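Below, each chain spelled out in residue letters.
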Amino acid sequence: MGDQTSVENLSFEDALKELETIVEKLEGGDVELEESIKIYERGAALKAHCLGKLKNAQLKVEQIVLNQDGDVSATPVSTES
Amino acid sequence: MSDFFPSDRPASANLPELSVSELAGSIKRTIETTYDRVRVRGELGRVTIAKSGHMYADLKDDKAVINTIMWKGSVSRLPFRPEEGLEVVAEGKLSTYPGRSNYQLIADTMNPAGAGALMALLEERKKKLAAEGLFETSRKQPLPYFPKVIGVVTSPTGAVIRDILHRISDRFPVHVLVWPALVQGDRAAQQITAGIEGFNALTPDGPVPRPDVIIVARGGGSIEDLWPFNEEIVVRAAAASQIPLISAVGHETDTTLIDYASDRRAPTPTGAAEIAVPVRSELVQTVTAYGERLMRGLTQTSRRSERELTAVAARLPRPTALLESRQQRFDYAEGRLTQSLQAALLKKRSMFDQTGPRLRPKTLETSLRVLDDRVSQASRRLTAGLTRQATLGESRLATVSKRLSLRGDALLRETKDTGEVQQAADRMARAFDRQATRLEDRLSRAGNMLEALSYQATLKRGYAVVKSADGQLVRDAASARAAQRMTVQFADGDVDVTTQADGAPPAAPKPKKAVPPKGAQGSLF
């Protein structure tokens, strides 16, 4: 368990995995009450973190443009085309 | 030249004489007109691509060889890399090269001869690349669950990119970078390779974000159309990609070599989008569901703890219950205590009742009388004894004194010293006095003893002597009523009391038991 890692620094995937682990652990019923409260709080933070990451999803399409020097840049593309 | 013609055909004077160039030109025209468009199937022999970009090759079968040329422009459009031994179908026109008395096939298209041949080529190449380990499962990278940026290498126009964008938008809108590339034709392989390598060359903190996953996609087509995705450079670039790569070329039944080298093969471009991004709504649901399970889990845990506590608490006796058994024991003991106390009391009482009646004043009186008698007797005997002793002593003294007188006279006579006689007489008188005093002391002690044995001892046992003011013994209630003031004598002292005029019980509480009157003893003194 990545208890040391701050929730904010976790990727969505890691956060979700840890959340899953916590849920399973909690549902397993082997956790003592005090510990269960602790991991519940962690789980709640992970959940909020995950939902936060899911919230700001927006489609943005850019096309790569190569100039004469071979430098790469990106220009927005209308998704309506 | 005419020598070469059959002799039966005589040289005709009207046969125009041609220059070599004229003839060569004529042949060239004839061939080019006659074989304006040919389709030839053969095996590629020696293949050379010159620096100019033109390709020179031999097209042959088991009996003949035709020089084949492909100009640079056509070579670049070749869907495959021409290799020696490959059976191809070439299309073009025949022409001649007058300078070398040579005719040749100017091919503008060339394709491997049929799918079978291409497949054979594909198999061969696949074996070679597999031998290098490019298709190893161990090389496969896991795809990110949640990519922020997706790089797509494909044609910027057409249905493929539209399908991908739509599907990504539907599932999980993210940032998509499109690397435009031809996906068909001779330049396709190079551009696709450039796209894969270009995405990998991006730095995470550069102006263009580095994709978390790459999709290389193309729509369906013939095996020839899809051929760029079988090219070594493309396959190698895909295998070398540090960014996880999804290949989505053609339809599900089409398999190109990039599919073996990619980290994941998608059946279609749309499928690639589905692999690349999860469905956001499902994720929201998943996370939300986890949140609910989390809450339930905590509730369960706390409920279980509560149950355990209750169970333990149930086994824990109630404080009152703890007291109850002791209370019961106490009550029982208390009951028995009262009972046994009463029983003991009853027993003592019965013992007392048995002994009480026997303890009457008469009993005491009897014993006192006996004692009294013994004292009186002793007194009498003492007096008699003393008298007797005194009489005896007197008579003995008289005798001794008579003898002494006689002796004294004799002595006086003998010594004539009256002083000695006088001395002896004095000693005798002193001896007598001492003896008398001793006897007197003994008598006094005996009297005291008698006193002690008398009522004083009785007083110590709790009796009292009541006397009137004039010192007379008060023996009954009547005399007590008559006497106004009385003295009650206890063993340790006297108390003065007054009697009530109305005949109430006297203050002296002590029993008026018969006490040997002082007078009775006084007889002795």
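Everything below is about the structure printed above this text.
Now for a quick tour of the structure. Since we're looking at a predicted model, the values are computed, not measured.

### Considerations on the pattern of salt bridges
Then, in step 1: Scanning the entire structure with this criterion turns up 19 salt bridges over all chains.
Then, in step 2: In this structure, glutamate 13 of chain A engages lysine 17 of chain A in a salt bridge whose closest nitrogen and oxygen atoms are separated by 3.9 Å. In this pair, glutamate 13 of chain A and lysine 17 of chain A both sit in helix H1 (residues 12–28), four residues apart, roughly one turn of the helix.
Then, in step 3: Looking at lysine 17 of chain A, the relative accessible area reads 47%, which means it is partly exposed.
Then, in step 4: The partner of arginine 46 of chain B in a salt bridge is aspartate 58 of chain B, with the nearest N and O atoms 3.3 Å apart. You can see arginine 46 of chain B sitting in strand E1 (residues 38–49) and its partner aspartate 58 of chain B sitting in strand E2 (residues 55–60), a full twelve residues away along the chain.

### So, the nonpolar core
Then, in step 1: Counting 53 residues, the largest nonpolar core has Met110, Val153, Ile192, Ile196, Phe199, Val216 and Ile258 of chain B as its most contacted members.
Then, in step 2: When residues of this core are assigned to domains, at least three fall in each of domain 1 (19–112) and domain 2 (121–278) of chain B.
Then, in step 3: In this view, valine 216 of chain B contacts Val153, Ile192, Ile196, Phe229, Leu245, Ile246, Ser247, Ala248, Val249 and Ile258 of chain B; residues no more than four positions away in its chain are not counted.
Then, in step 4: Formed by 44 residues, the second largest nonpolar core is a distinct cluster that contains Tyr40 of chain A together with Val152, Val176 and Ala217 of chain B.

### Comments concerning a positive patch on the surface
Then, in step 1: Together, Arg427, Arg430, Arg434 and Arg438 of chain B make up a region of like positive charge exposed at the surface.
Then, in step 2: Looking at where arginine 434 of chain B falls in the secondary structure, it is placed in helix H12 (residues 418–460).

### A look at helix H2 (residues 33–55) of chain A
Then, in step 1: Between its terminal C-alpha atoms H2 of chain A stretches 32 Å, which fits the 33 Å expected from 23 residues at 1.5 Å a residue.
Then, in step 2: Looking only at H2 of chain A, the buried set comprises Ser36, Ile39, Tyr40, Arg42, Gly43, Leu46, His49, Cys50 and Leu54 of chain A.
Then, in step 3: In this structure, the buried side of H2 of chain A is in contact with H1 of chain A together with helix H9 (280–315) of chain B.

### Focus: a nonpolar patch on the surface
Then, in step 1: Taken together, the side chains of Leu18, Leu23 and Ile27 of chain B define a hydrophobic patch exposed on the protein surface, amounting to about 240 Å² of accessible area.
Then, in step 2: For isoleucine 27 of chain B, the position within the fold is in helix H1 (residues 20–34).

### Quick notes on the packing of aromatic side chains
Then, in step 1: All told, the structure shown has five aromatic pairs over all chains when counted by the stated rule.
Then, in step 2: Arranged with centres 4.3 Å apart and planes meeting at 20 degrees, the rings of phenylalanine 12 of chain A and phenylalanine 146 of chain B form a pair that is stacked. With phenylalanine 12 of chain A in helix H1 and phenylalanine 146 of chain B in the loop between helix H3 (114–131) and strand E6 (149–154), this pair bridges two chains.
Then, in step 3: Relative to phenylalanine 172 of chain B, the ring of phenylalanine 146 of chain B lies with its centre 4.9 Å away and its plane at 80 degrees, an arrangement referred to as edge-to-face. Highlighted residues: phenylalanine 146 of chain B in the loop between H3 and E6 and phenylalanine 172 of chain B in the loop between helix H4 (159–171) and strand E7 (175–180), separated in sequence by 26 residues. Each member of the pair, phenylalanine 146 of chain B as well as phenylalanine 172 of chain B, is classed as buried.

### Considerations on the pairing of strand E9 (residues 245–249) of chain B
All names here are of chain B.
Then, in step 1: Among the five residues in E9, five count as buried, and that is most of the element.
Then, in step 2: Burial along E9 is two-sided: Leu245, Ser247 and Val249 facing one way and Ile246 and Ala248 facing the other are all buried.
Then, in step 3: Bridge analysis of strand E8 (residues 213–218) against E9 gives five bridges, and the strand direction is parallel. Along E9, the bridge assignment pairs arginine 218 with valine 249.
Then, in step 4: Inspection of the sheet shows E9 paired to strand E10 (residues 264–265) by two bridges, in the parallel sense. Pairing of serine 247 across the sheet is with arginine 265, part of E10.

### Concerning the packing of H1 of chain A against H9 of chain B
Then, in step 1: Closest axis-to-axis distance for the H1 of chain A/H9 of chain B pair is 8 Å, and the angle between their directions is 30 degrees. As summarised for this structure, H1 of chain A and H9 of chain B are arranged roughly parallel, according to the angle between their axes. The way H1 of chain A lies across H9 of chain B gives a crossing that is left-handed. For the pair formed by H1 of chain A and H9 of chain B, the contact residues are Phe12, Leu16, Leu19, Glu20, Ile22, Val23, Glu24, Leu26 and Glu27 of chain A on the first element and Leu283, Val287, Tyr290, Arg293, Leu294, Gly297, Leu298, Gln300 and Thr301 of chain B on the second.
Then, in step 2: In terms of residue class, the contact of H1 of chain A with H9 of chain B is made up of eleven nonpolar, three polar and four charged.

### Things to note about the sheet that holds strand E5 (residues 102–112) of chain B
Each strand in a sheet pairs with another by means of backbone hydrogen bonds, the pair being arranged parallel or else antiparallel.
All names here are of chain B.
Then, in step 1: Reading around the barrel, the five strands line up as E1-E2-E3-E5-E4 and close back on themselves, with mixed pairing between neighbours. Pairs of neighbouring strands in the sheet enclose a mean axial angle of 50 degrees, with direction left out of account.
Then, in step 2: The sheet contact formed by strand E3 (residues 65–70) and E5 spans three bridges and is parallel. For isoleucine 69, the partnering residue across the bridge sits in E5 and is isoleucine 106.
Then, in step 3: Sheet contacts for H1: strand E4 (87–97) and E5; angle to E4, the most-contacted strand, approximately 145 degrees.

### Re the environment of asparagine 200 of chain B
Residues and elements named next belong to chain B.
Then, in step 1: By the secondary structure assignment, asparagine 200 is in helix H5 (residues 188–201).
Then, in step 2: What makes asparagine 200 buried here is its relative accessible area of 18%.
Then, in step 3: Separated by 37 residues in the primary sequence, asparagine 200 and alanine 237 have C-alpha atoms spaced 9.8 Å apart.
Then, in step 4: In this structure, asparagine 200 is in contact with Arg210, Ile214, Ser241, Gln242 and Ile243, ignoring residues within four places of it in sequence.

### Topic: the interface of chain A and chain B
Then, in step 1: Of the residues lining the interface, 38 residues belong to chain A; the matching set on chain B comes to 38 residues.
Then, in step 2: Between chain A and chain B, a total of about 3,300 Å² is buried, with carbon and sulfur atoms accounting for 71% of that surface.
Then, in step 3: Summed over the shared surface of chain A and chain B, the number is one salt bridge.
Then, in step 4: Here glutamate 27 of chain A and arginine 293 of chain B are joined by a salt bridge, their closest N and O atoms 2.7 Å apart.

Basis of the calculations
Residues numbered from 1 in each chain as written. Chains lettered and ligands numbered in written order. Predicted model: local features only at pLDDT ≥ 70, side-chain atom pairs only at ≥ 80, totals over all residues. Heavy atoms only, no water. Salt bridge = Lys/Arg side-chain N within 4 Å of Asp/Glu carboxyl O. Helix = DSSP H or I, 4+ residues; strand = E, 2+ residues; numbered from the N terminus. Buried < 20%, exposed > 50% of the residue type's maximum accessible area, 1.4 Å probe, protein only. Core = buried A, V, L, I, M, F, W, Y, C linked by side-chain atoms within 4.5 Å. Domains from an automatic or database assignment. Contact = heavy atoms within 4.5 Å. Patch = residues over 30% accessible without salt bridge, like charges linked within 9 Å, V, L, I, M, F, W, Y side chains within 5 Å. Areas by Shrake-Rupley, 256 points an atom, 1.4 Å probe, with all protein chains shown as cover. Lys, Arg positive; Asp, Glu negative; His and termini not counted. Charge placed at Lys NZ, Arg CZ, Asp CG, Glu CD. Expected span 1.5 Å × (residues − 1). Phe/Tyr/Trp six-rings, centres within 6.5 Å; stacked < 30°, edge-to-face > 60°. Pairing = 2+ DSSP bridges. Axes fitted to C-alpha atoms, helices over the stretch in contact; angles between N-to-C directions. Parallel < 35°, antiparallel > 145°, perpendicular 65-115°, else oblique. Left-handed = near helix turned anticlockwise from the far one by under 90°. Nonpolar A, V, L, I, M, F, W, Y, C, P; charged D, E, K, R; others polar. Buried area = accessible area lost by both parts, 1.4 Å probe.

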